[in-house]
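Secondary and tertiary structure notes
Below are the chains, spelled out letter by letter.
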Amino acid sequence: MTSVLVFLDHPAASLAKSERELLSLAASLGDVVVALADEAGQAYLDGIGSYGVQRYYRPDDAAVSDVLVAGKAAFLAEAVRASGAGIVLLGNSYESKEIAARSGVKLDSGVITDVVALDGDLTATKSDFAGSYTVHCRVTTGVAILTVKPNSVEAVEAGPPSSPEAVRVAVELPRAAARITGRVEKPVSGRPELTEARVIVAGGRGVDGDFGPLEDLADALGGAVGASRAATDAGWIEHSAQIGQTGKTVSPQLYISVGISGAIQQKAGMQTSKVIVAVNKDADSPIFEIADFGIVGDLTTVLPQATEEIRKRGL
Amino acid sequence: MDEATASGLRIAVLVKHVPDAQFDRHISGDDLTTVRSESILSELDEYALEAALQLVEAHGGAAAGHRVTAITMGPAAAVNAVKKSLQIGADDGVHLTDDALTGSDASATSRALAALLQHAGPFDLVLTGMASTDGETSLVPAQLAERLDLPQVTFAASLELTPGDGGWTLAARRDSDTYAETIEAPLPALVSVTDQINDPRYPNFKGIMAAKKKQIQVLSLQDIGLQADEVGFAGSWTTVEAAAPRPPRSQGIVITDEGDAGIRLVDFLAGQKLL
């Protein structure tokens, strides 16, 4: 049976949803082993054990994480060699994609990013041009290295938990590398990550400076707040909230677009959302051409009313 | 790439001619490649070019022997990305063009660019955008760093160079969702920059006139020592089997708020089982 190696970066206290999805996808393809670049706690290890993982790989030198990308890529390549894995799965963060990129060169292997579905013969499905094309592609050389977008597969635990055993692999760090000299953790908002959120409430130019009503609605729905480039450029919300071409790609169940006109590149960025709701004052906005439910109205009355109604229904 | 010196910085900026995201973009033909009409200099590459120009200007400019070279690969029209870069302020350009390059995936592209940089260099610094706005894989900068054995700093939101006895050192800041990091690396190095690093300048009349006198070196695969089967479809490690435009979303219900639109929105969400 094919061995599938899942690379997990930055282990937290427990497994994140996207990590559970990766392990579930791996379990559907073969025997799962894990590569952990950083130290993980017992709860996290028990978590991966509940997906049938018997073995996980760790670098013999903790310094791999002090070096930007190159160290983890070297570790991943060694873990692939040590495990004999034929498939490698990673998350879809920028850093994971780069680790995939560099280990691909080390292993003479093709890399496919932004995968949203994978069938048994390893044909990967992804979107191109910000969701306006669906593309099927395959790795033709070497080990199949794939980075998978969150919310692409259902997380299903594999069965009886096991206590996975650690296997150390020797890693040769690059001669000249970029070193991380300082790291400050950012304050946590309490809202889900944009890339993982099931619901996104996103605002554009029409929000006119106040994201308060959008934040309230997002909180009532357990969602994340996003923004168009116009809104982040105006300084109304931090840049990390930006969705689209130069920001984050998202594909939530529900995308509520508020005060966004729907110019072509904005529309492209939300096309893979399952359901699109649009609120805009301008009845001629192109956004209404693609919305499942459109409201021509003032966001400062429509949004608070919806938020209150959700709370009233006790949902 | 290992002849870095503390004077005379040579910076390579990778620029790409990509379909304009303001218009509908298409994949077509039997070979499933991107249609490149309506193409422009990739917006994200403008930040890399601006970063290069600012670094050079901060350290004495061309008078101090520094040089910014715009580099691209692709069909004849790809040279437009280099021409635009020269108008904005790059000193010279290099264009790798060869029919065999068609269909290159990230692995083949990075192989070609690595050979091109080695041929046209040495460079102290290779600057790129955070991703191309067409392929959007963001694999190429990391693969280039791997192939050239360069320290890699990606998604830099700030960038400074300091000369020293042992050569130049760069310092950068980058922000992920969970961390803000400071990074240090010796030159030569490869850096990709985000759209937060600066405000790119526009070409002015003087720049447009000056660009006409600047040199663009045109190279073929043979010039950089690569065989046709090392790039393009033959040299790629992945293949596209099918590409279909996403079916257009059909218009749903549009209502005008008559005082109860918020409630009707909640009814709609409940009906879709989204609450």
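Residues numbered from 1 in each chain as written. Chains lettered and ligands numbered in written order. Predicted model: local features only at pLDDT ≥ 70, side-chain atom pairs only at ≥ 80, totals over all residues. Heavy atoms only, no water.

A short note on the overall build of chain A
For clarity, the cut-off: Helix and strand labels come from DSSP, where a helix needs a run of H or I of at least four residues and a strand needs a run of E of at least two; each type is numbered from the N terminus. Note on method: radius of gyration uses C-alpha positions; expected globular size equals 2.2 Å times residues raised to 0.38. For the exposure calls, accessible area comes from a 1.4 Å probe over protein chains only, and a residue counts as buried if that area is under 20% of its type's maximum, exposed if over 50%, partly exposed in between. Whether two residues are in contact is decided by their heavy atoms, any of which lying within 4.5 Å being enough. The protein chains shown are the only cover counted for residues, whose accessible areas, like all others here, come from Shrake-Rupley with a 1.4 Å probe.
A count of helices and strands for chain A gives eight helices and 15 strands. Here the C-alpha radius of gyration of chain A, 21 Å, is about what a compact globule of 315 residues would show, namely 20 Å. Dimensions of chain A, computed from C-alpha atoms along their principal axes, come out at roughly 60 × 45 × 35 Å. Relative to its full complement of 315 residues, chain A shows a buried share of 57%. When contacts within chain A are restricted to residue pairs at least 6 apart in sequence, long-range pairs at least 24 apart make up 66% of them. Of the roughly 11,900 Å² that chain A leaves accessible, carbon and sulfur atoms contribute 47%.

Points about helix α1 (residues 43-58) of chain B
What sets the pattern is the α-helix's 3.6 residues per turn: residues three or four places apart point alike. This is how the line gets drawn: Expected span of a helix: the number of residues minus one, times 1.5 Å.
Between its first and last C-alpha atoms α1(B) spans 23 Å; for 16 residues at 1.5 Å apiece the expected length is 22 Å, and the two agree. Where α1(B) terminates, the next one or two residues include Gly60(B), which has phi positive at roughly 100°.

Some words on the confidence of the model for chain A
Convention followed: Known as pLDDT, the predictor's per-residue confidence is scaled from 0 to 100.
Per-residue pLDDT for chain A averages 90, and the proportion of residues at 70 or more is 96%. Highest mean pLDDT in chain A belongs to strand β4 (residues 87-90) of chain A (98); lowest belongs to helix α7 (residues 264-270) of chain A (69).

Looking at the interface of chain A and chain B
Heads up, the rule is: Once two parts are brought into contact, the accessible area they lose, counted with a 1.4 Å probe and summed over both, makes up the buried area. Note on definitions: salt bridges are taken to be side-chain nitrogens of Lys or Arg within 4 Å of carboxyl oxygens of Asp or Glu.
Tallying the contact residues gives 86 residues for chain A and 81 residues for chain B. Roughly 7,500 Å² of surface becomes buried between chain A and chain B when both sides are summed, with 55% attributable to carbon and sulfur atoms. Linking chain A with chain B are nine salt bridges, by the criterion used here. Close ionic contact of Glu95(A) with Arg174(B) constitutes a salt bridge, the shortest N to O distance being 3.2 Å.

Remarks on the packing of aromatic side chains
Going by this rule: Planes of paired rings set the category: under 30 degrees apart is stacked, over 60 is edge-to-face and the rest tilted, where pairs are Phe, Tyr or Trp rings (Trp by its six-membered ring) whose centres lie within 6.5 Å. Here, a charge over a ring is recorded when the distance from Lys NZ or Arg CZ to the ring centre is within 6 Å and its angle to the ring normal is within 35 degrees.
Going through the model one piece at a time under the given rule, you end up with three aromatic pairs over all chains. An angle of 55° between the planes, with centres 6.5 Å apart, marks the rings of Phe7(A) and Phe75(A) as tilted. You can see Phe7(A) sitting in strand β1 (residues 3-8) and its partner Phe75(A) sitting in helix α3 (residues 70-83), a full 68 residues away along the chain. Taking the relative accessible area as the measure of exposure, Phe75(A) reaches 0% and is therefore buried. Here Tyr94(A) and Phe155(B) contribute two aromatic rings whose centre-to-centre distance is 4.3 Å and whose plane-to-plane angle is 35°, an arrangement assigned as tilted. Taken together, the residues span two chains, with Tyr94(A) in helix α4 (residues 94-106) and Phe155(B) in strand β9 (residues 152-156). The ring of Tyr179(B) carries Arg183(A) above its face, with NZ or CZ at 4.4 Å from the centroid.

Considering the sheet that holds strand β9 (residues 165-169) of chain A
Rules: Note: two strands are recorded as paired if DSSP finds a minimum of 2 bridges between them. The angle between two axes is taken between their N-to-C directions and runs from 0 to 180 degrees, where each axis is a line fitted to C-alpha atoms and a helix contributes only its stretch in contact.
Here we have 10 strands laid out as an open sheet, ordered β9(A)-β3(A)-β2(A)-β1(A)-β4(A)-β8(A)-β5(A)-β6(A)-β7(A)-β15(B), and mixed in their pairing. Of all strands in the sheet, those with a lone pairing partner are β9 of chain A together with β15 (238-245) of chain B, marking the two edges. Geometrically, the sheet is characterised by an average inter-axis angle of 35° between neighbouring strands, direction not taken into account. Examined bridge by bridge, strand β6 (residues 124-128) of chain A and strand β7 (residues 133-139) of chain A share five bridges and lie antiparallel to one another. Bridge pairing links Asp128(A) to Tyr133(A) in β7(A).

Focus: the nonpolar core
Counted only if it meets this: Here, nonpolar core refers to any group of buried Ala, Val, Leu, Ile, Met, Phe, Trp, Tyr and Cys residues whose side-chain atoms link them within 4.5 Å.
Membership of the largest hydrophobic core comes to 102 residues, with the highest contact counts inside it found for Leu5(A), Leu127(B), Val153(B) and Leu170(B). For this core, the leading source of residues is α1(B), giving nine residues. The contact partners of Val153(B), leaving out residues within four places of it in the chain, are Leu68(A), Ala178(A), Leu170(B), Ala172(B), Ile183(B), Ala185(B), Leu190(B), Val191(B) and Ser192(B). Among the nonpolar cores identified, the runner-up in size contains 34 residues, and Leu214(A), Leu221(A), Val275(A) and Val266(B) belong to it.

Notes on the pairing of strand β11 (residues 199-203) of chain A
Residues and elements named next belong to chain A. Our working rule: Seen with its strands pointing away from the viewer, a crossover is right-handed if its path from the first strand over the helix to the second goes clockwise.
In terms of burial, β11 is a largely internal element, five of the five residues being buried. Residues Val199, Val201 and Gly203 of β11 are buried on one face, and the alternating residues Ile200 and Ala202, pointing to the opposite face, are buried as well. In terms of strand pairing, β11 meets strand β13 (residues 254-258) through five bridges, oriented parallel. If you follow alanine 202 over to β13, its bridge partner there is serine 257. By the bridge criterion, four bridges tie β11 to strand β12 (residues 224-227) in an arrangement that is parallel. In the sheet register, valine 201 faces β12, and the bridge partner there is valine 225. In this fold, β11 hands off to helix α5 (residues 212-221), which returns the chain to β12; that crossover is right-handed.

Some thoughts on the sheet that holds strand β13 (residues 189-193) of chain B
The pairing of strands in a sheet happens through backbone hydrogen bonds and is either parallel or antiparallel. Residue and element names in this part refer to chain B. Overall, parallel pairing links the seven strands, which are arranged β9-β13-β8-β1-β6-β7-β14 in an open sheet. Strands at the two margins of the open sheet, each flanked by one partner only, are β9 and β14 (216-219). In this sheet, neighbouring strand axes are inclined to one another by 20° on average, regardless of whether the strands run parallel or antiparallel. In this structure, strand β6 (residues 67-73) lies alongside strand β7 (residues 92-96), joined through five bridges in parallel fashion. Bridge pairing in β7 links threonine 69 to aspartate 92.

Remarks on helix α2 (residues 79-88) of chain B
Along α2(B), the residues classified as buried are Val79(B), Ala81(B), Val82(B), Ser85(B), Leu86(B) and Ile88(B). Among the residues trailing α2(B), Gly89(B) stands out with phi positive, at a value near 150°.

Focus: the environment of Ala210(B)
Residues and elements named next belong to chain B. Turning to its location among the elements, alanine 210 is positioned in helix α5 (residues 205-211). For alanine 210, a relative accessible area of 35% gives the class partly exposed. It is 57 Å that separates the C-alpha atoms of alanine 210 and leucine 265, two residues lying 55 residues apart in sequence.

Describing unusual backbone geometry
Cis geometry marks the peptide bond from Gly121(B) to Pro122(B), where omega comes out at 10°. Positionally, Pro122(B) belongs in the loop between α3 (106-120) and β8 (125-129). Looking along the chain, the bond that leaves Leu187(B) and enters Pro188(B) is cis, with omega of 0°. If you trace the backbone, Pro188(B) turns up in the loop between β12 (179-186) and β13. Its identity is not glycine, yet Asn151(A) carries a phi of approximately 65°, on the positive side. Considering the arrangement of structural elements, one finds Asn151(A) in the loop between β8 (144-148) and β9. On the basis of relative accessibility, which here comes to 26%, the residue Asn151(A) falls in the partly exposed class.

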